[in-house]
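# Structure at a glance
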Amino acid sequence: MSIPTPTPRARRVAEIFDFSTGRGLEIGPLHMPLVPRSTADVSYLDLYDRERLYETNKINPHITHETIPDIDYPMWDGTRMRTLEEAAKEGAPFDWALASHVVEHVPDLIGWLGQVEAVVAPEGALVLVVPDRRYTFDAHRPPTTMGQILHAHDTGDVVPSVRAVFDHHRFAVNADPKRLHHRGPSEAETCVHDLGYTKDQVERARRGEYVDCHVWTYTDRSFPEIIAELRRLGLTGWSVEKILPVPDNDIEFYVVLRRGLSPDLPETPGLPDWVEHGLELRDEVARLRDVVADQRRRLESQRKQLAGQRSEIDDLRGSKRWKLATALAAPLDRWRDRRSGD
């Protein structure tokens, strides 16, 4: 069997973890598994089996029946949607798990992390590929708070909340990652959905339907702090072992979480990244104000110099030397006029 050419994302995720060791579980591969069976001892878990995944994604021209792998552990058992832990327990424990663009969708982050932890070996790893809200269609959305994460867990959310569905659809924008990297968010990004469509999705959520969306928004600085705070609260056994920040002009970061890792965490969390960004902007505004003030001082100095030069010219015009120079120049000017007339 030929080994498929790895995608840029697959190459990058391979930089931070060796998937060829141990038994692994890729969560939500759909039609683009990052770890092919030809390169590792890997099983696949997704919402449905291969046939139903194809049927539910027929509208997507990029998804074909051939590109979807056989799903070892479908969460849908024919009558209900099982939890990840229920679906994968027959193959557990796995030495590692991998999930690309999944952790932002889960309705209950704490519960989902706990389910993955339950099927991974005591010192196993969870590798995540995560979109950074600053460079995606989430660029206009506010950051996720710990209060929101705790509330979703306490209420036992199994579908995205009304809050999440509204925020996702109302604030989704057409994003240019390169421009966002270099200039930040502005009115240049236009809304993806109108208010009517957003209201329709919110009504579906109110009826208890599963409306897929980005429930959570992360950055490569906020996500490690979220995991650290959950660790401080005793709500997860995962810790951040390694992280690859978002490259220039890209949209995602890469994280390795590890069970059994006990880092020495400070008692209180650090300053949130959005606050630090605000402070950076404040410092930049102060710097620009200093630049403007300096330019104004230089302009005022130049104005004074110009006024002095004008005064010298006026004095010169009133002097005998100026009158003599004017008298001597008059015949020359008349001669030039005659020559031009010829």
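Because the structure is predicted, anything quoted here is derived from the model rather than measured.

Attention shifts here to the overall build of the chain. In terms of regular secondary structure, the chain is built from 11 helices and seven strands. Every one of the 342 residues in the chain was classed for burial, and the buried ones make up 37%. Taking the contacts inside the chain whose residues are at least 6 apart along the sequence as the reference set, 71% of them involve residues at least 24 apart. Carbon and sulfur atoms provide 53% of the accessible area of the chain, an area that totals close to 20,200 Å².

Mapping leucine 126 onto the fold places it in strand β5 (residues 120-131). Among the residues examined, leucine 126 registers a relative accessible area of 0% and is labelled buried. Not counting chain neighbours up to four residues away, the residues in contact with leucine 126 comprise Ala97, Leu98, Trp112, Leu113, Val116, Trp238, Val255, Val256 and Leu257.

A separate point is unusual backbone geometry. Most peptide bonds adopt trans geometry, and most residues besides glycine take a negative phi value. In this structure, the amide linkage connecting alanine 92 to the following residue, proline 93, adopts the cis form with an omega of 0°. Of note in this structure, leucine 30 is not a glycine but carries a positive phi near 50°. Among the secondary structure elements, leucine 30 is positioned in the loop between β1 (23-27) and β2 (41-46).

Here the focus is the pattern of salt bridges. Summed over the entire model, instances satisfying the criterion amount to 21 salt bridges. Residue glutamate 252 pairs with arginine 9 through a salt bridge whose shortest N-O separation is 3.0 Å. Here the residue glutamate 252 occupies a position in strand β7 (residues 252-259), and arginine 9 occupies one in helix α1 (residues 8-13), the gap between them amounting to 243 residues. Its relative accessible area of 4% is what places glutamate 252 among the buried residues. Residues participating in the shared-partner salt-bridge network are Asp132, Arg134 and Asp220.

In this section: the side chain of aspartate 220. With respect to the element layout, aspartate 220 can be found in the loop between α8 (195-206) and α9 (222-232). Among the polar contacts listed, one links the side chain of aspartate 220 to the side chain of arginine 134, at a separation of 3.1 Å. Once residues within four sequence positions are removed from consideration, aspartate 220 is found in contact with Asp132, Arg134, Ile243, Pro245, Val246 and Phe253.

Moving on: the sheet that holds β7. Reading across the sheet, the seven strands line up as β3-β2-β1-β4-β5-β7-β6 and stay open at both edges, with mixed pairing between neighbours. The sheet is open, and its two edges are formed by β3 (73-74) and β6 (238-244), each paired on a single side. As defined by bridge partners, β1 adjoins strand β4 (residues 94-100) across four bridges and the pair is classed as parallel. Opposite isoleucine 27, over in β4, you have alanine 99 as the bridge partner. Sitting on the sheet, α9 is in contact with β5, β6 and β7, with an inclination near 165° to β6.

Definitions and limits used
- Residues numbered from 1 in each chain as written.
- Predicted model: local features only at pLDDT ≥ 70, side-chain atom pairs only at ≥ 80, totals over all residues.
- Heavy atoms only, no water.
- Helix = DSSP H or I, 4+ residues; strand = E, 2+ residues; numbered from the N terminus.
- Buried < 20%, exposed > 50% of the residue type's maximum accessible area, 1.4 Å probe, protein only.
- Contact = heavy atoms within 4.5 Å.
- Areas by Shrake-Rupley, 256 points an atom, 1.4 Å probe, with all protein chains shown as cover.
- Salt bridge = Lys/Arg side-chain N within 4 Å of Asp/Glu carboxyl O.
- Polar contact = N/O pair within 3.5 Å; in protein donor to acceptor, adjacent residues only side chain to side chain.
- Pairing = 2+ DSSP bridges.
- Axes fitted to C-alpha atoms, helices over the stretch in contact; angles between N-to-C directions.

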